[in-house]
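What follows is each chain in one-letter form.
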Amino acid sequence: MNSRSSTSGRRAGTESTRNDLLRAGAELLQENGVRALSAREAAIRAKVNPAMVRYFFKNRLGFLAALMDYGFETVLQQSTGQPDASPFEALVRSIHRTPWLAQLLVQTVYAGDELRDHFEKTHAPKLLANYRTLLANGQAAGQIRNDLPESLAITGLISLIVFPVIAADSLQKMVFDGPSQDFEDTAVALVTRLYSRR
């Protein structure tokens, strides 16, 4: 580490530095939303030189794309790390615990932002494959109803999982009189009841 880094308390560019920037960016997305995200603030929070954002991500768009990648990796790790959960429970809970990702998707992908291509090329095919696998495995195990066409089942599943996260603040105020763990549990119960084999 050079003397400048030592005196400023900031670290040089390593993979750890990149991960710290992504964690800080995710925290800021959660707190302030996509439009207010500042790469400089993420660097300050991560205690790294702001030039590291350009070094790792080139620009704000590259930073947002990397945050999207980081969010999907987080959801995948969380949803596959719960072997005792019902077919949908792990997925619903992991998305509810990464709400900034749903906000990022809505504000960038579905609003027509430049990140749409990144999402469609990098994540949409993987998500579709994961949903298909989830449905097929659940149906084969007799846990998930098999009377729905795949396109309807996947569209409904995405809507039921993502919309409550996007509208969480309003829904919790309207239905639960404020933030509540019951909100996440209700989301799990809703998806499970609608898709479980009767």
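Look above for the structure.
Read on for an overview of the structure. Along each chain, numbering runs from 1 in the same order as the chain's sequence is written. A pLDDT threshold of at least 70 governs which residues receive local features in this predicted model, and a stricter bar of 80 or more applies before side-chain atom pairs are shown or counted, although totals over entire chains, interfaces and linings include all residues. Hydrogens and waters are ignored; side-chain quantities use all the structure's heavy atoms.

## Observations regarding the overall build of the protein
Strands here are runs of E lasting at least two residues and helices are runs of H or I lasting at least four, both read from the DSSP assignment and numbered beginning at the N terminus. Helix and strand content of the protein: eleven helices and zero strands. Along the chain direction, N to C, the helices and strands of the protein fall in the order α-α-α-α-α-α-α-α-α-α-α. A total of 198 residues make up the protein; the buried ones form 39% of that total. Taking as baseline every contact in the protein between residues at least 6 positions apart, the subset at least 24 positions apart corresponds to 69%. As displayed, the protein offers around 11,100 Å² of accessible surface, 52% of which is attributable to carbon and sulfur atoms. We call a residue buried when its accessible area falls under 20% of the maximum for its residue type, exposed when it is over 50%, and partly exposed in between, using a 1.4 Å probe and counting protein chains only. For this analysis, residues touch if any pair of their heavy atoms sits within 4.5 Å. The protein chains shown are the only cover counted for residues, whose accessible areas, like all others here, come from Shrake-Rupley with a 1.4 Å probe.

## Notes on the environment of Leu-135
Relative to the elements of secondary structure, Leu-135 occurs in helix H8 (residues 115-140). Along the sequence, Leu-135 and Tyr-195 sit 60 residues apart, while their C-alpha atoms lie 9.3 Å from each other. Not counting the four nearest positions on each side in its chain, Leu-135 is found in contact with Phe-88, Ile-144, Ala-153, Ile-154 and Tyr-195.

## Quick look at the environment of Gln-172
Among the secondary structure elements, Gln-172 is positioned in helix H10 (residues 168-176). On a C-alpha basis, the gap between Gln-172 and Asp-182 in space is 9.4 Å, while along the polypeptide they are ten residues apart.

## Focus: the nonpolar core
Among buried residues, those of type Ala, Val, Leu, Ile, Met, Phe, Trp, Tyr and Cys that are joined through side-chain atoms within 4.5 Å constitute a nonpolar core. One finds Leu-21, Phe-63, Leu-67, Met-68 and Leu-104 to be the most contacted residues of the largest nonpolar core, which totals 51 residues. The dominant element in this core, judged by the number of residues it contributes, is helix H5 (residues 60-80), at nine residues. Setting aside anything within four residues of it in sequence, one finds Leu-67 in contact with Leu-22, Gly-25, Ala-26, Leu-29, Leu-37, Trp-100 and Leu-104.

## A look at the layout of surface pockets
In the cavity and pocket records, a cavity denotes points on a 1 Å grid over the protein atoms alone where a 1.4 Å probe fits but cannot get out, a pocket denotes an open set with protein on both sides within 12 Å along at least 5 of 7 lines, and lining residues are residues with an atom within 4 Å of a point. Grid points are joined across faces, edges and corners, and a volume is the space filled by probe spheres set on the points. Taken as a whole, the largest pocket encloses approximately 960 Å³ of empty space. Together, 39 residues line the largest pocket, and Val-75, Leu-91, Leu-127, Asn-130 and Tyr-131 are the ones closest to its centre. Looking at the lining of the largest pocket element by element, the count peaks at 13 residues for H8. Any residue outside Ala, Val, Leu, Ile, Met, Phe, Trp, Tyr, Cys, Pro, Asp, Glu, Lys and Arg is labelled polar, Gly included; the first ten of those are nonpolar and the last four are charged. Of the residues that constitute the lining of the largest pocket, the class distribution is 23 nonpolar, 13 polar and three charged. Its volume calculated, the second largest pocket comes out at about 340 Å³. In this structure, the second largest pocket is lined by 18 residues; those nearest its centre are Gln-30, Pro-99, Val-165, Ala-168 and Asp-169. Of all elements in the fold, only helix H2 (15-32), helix H7 (99-110), helix H9 (150-166), H10 and helix H11 (181-195) reach the threshold of two or more residues within the lining of the second largest pocket. Counted by class, the lining of the second largest pocket contains seven nonpolar, eight polar and three charged residues.

Remember, this is a structural readout, not a statement about activity or role.
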